[in-house]
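Report on the structure
Residues per chain are reported as follows:
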Amino acid sequence: MNALPRREAARAVILDTDQRVLLLRYEENDGFWATPGGSLEPGEDYPSALRRELGEELGATDITLGAQIAERSQDHLVGGHPVRQVEKYWLVHATPAAIDPARATQPDNIDSIRWWTLDELLSTGERVYPRGLADLITDILTTGAPEQPAVLG
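Residues numbered from 1 in each chain as written. Predicted model: local features only at pLDDT ≥ 70, side-chain atom pairs only at ≥ 80, totals over all residues. Heavy atoms only, no water.

Glancing now at the pattern of salt bridges. One pass over the full model with this rule turns up 12 salt bridges. In this structure, arginine 52 engages glutamate 53 in a salt bridge whose closest nitrogen and oxygen atoms are separated by 3.1 Å. Arginine 52 serves as the salt-bridge partner of glutamate 56, at 3.1 Å between the closest nitrogen and oxygen. In this pair, glutamate 56 and arginine 52 are both assigned in helix α1 (residues 46-58), four residues apart and thus about one turn of the helix distant. Residue glutamate 56 shares its accessibility class with arginine 52, and that shared class is buried. Taken together, the shared-partner salt bridges in this structure form one network comprising Glu41, Glu44, Arg52, Glu53 and Glu56. (Salt bridge = Lys/Arg side-chain N within 4 Å of Asp/Glu carboxyl O. Helix = DSSP H or I, 4+ residues; strand = E, 2+ residues; numbered from the N terminus. Buried < 20%, exposed > 50% of the residue type's maximum accessible area, 1.4 Å probe, protein only.)

Looking at soluble globular proteins, one finds that nonpolar side chains tend to be buried together. Of all hydrophobic cores here, the largest spans 26 residues; its most connected members are Ile14, Leu50, Leu54, Leu58, Ile63 and Val92. Secondary structure elements with two or more residues in this core: β1 (6-15), β2 (21-26), β3 (32-34), α1, β6 (81-93) and β7 (110-116). Considering every element that reaches this core, the biggest residue donor is α1, with five residues. Leave out the neighbours within four places in its chain, and leucine 50 touches Ala10, Arg11, Ala12, Pro36, Gly37, Leu65 and Trp90. Listed in part, the 19 residues of the second largest apolar core include Ile69, Tyr89, Ala134 and Leu152. (Core = buried A, V, L, I, M, F, W, Y, C linked by side-chain atoms within 4.5 Å. Contact = heavy atoms within 4.5 Å.)

Before going further, it helps to examine the packing of aromatic side chains. In total, this model carries four aromatic pairs according to the counting rule given. Between phenylalanine 32 and tyrosine 129, the aromatic rings sit 5.4 Å apart at their centres with planes inclined by 65 degrees, giving edge-to-face as the arrangement. With phenylalanine 32 in strand β3 and tyrosine 129 in strand β8 (residues 128-129), this pair connects stretches of sequence that are 97 residues apart. Here phenylalanine 32 matches tyrosine 129 in class, with each residue buried. Feature note: the residues Tyr26, Phe32 and Tyr129 constitute an aromatic cluster, connected by ring pairs. Over the aromatic face of tryptophan 116 sits the side chain of arginine 114, whose NZ or CZ is 3.8 Å from the ring centroid. (Phe/Tyr/Trp six-rings, centres within 6.5 Å; stacked < 30°, edge-to-face > 60°. Lys NZ or Arg CZ within 6 Å of the ring centre and 35° of its normal.)

In this section: the side chain of glutamate 56. For glutamate 56, a relative accessible area of 12% translates into the label buried. Residues in contact with glutamate 56, not counting those within four places in the same chain, are Ala104, Thr105, Gln106 and Pro107.

Any link to function would need more than the numbers given here.
This is the structure in structure tokens:
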């Protein structure tokens, strides 16, 4: 059996001063919410890719990356082709003013952008990726960023 092509992606768990998390809505695959970010370009490292992606998707400026807080590997379709996606997640603290979708240069297929409270995230019936995000945020707000990146499903 052939191994799936590897696609590396950098993603951000963006929290504001009110401890809300920023998620993006996509209509594909029956609709879902996900953290911002995207794939690495040739020669790019994860932090550089994440800064670029946040600018492209969200028009984000003056973003400081915190610690890498999680990782995930998942087989799924990208552009109709199966891949093994390897994602690394960074904690980012930002104000809503630092996010300006009007400045986004490549908003991809983002349908909407929303700041979620932890209670909203814990009680939603909508699909949110990655799985385990609400628990990860609960832990961060309770005890701080993990010493080693958490493994998400």
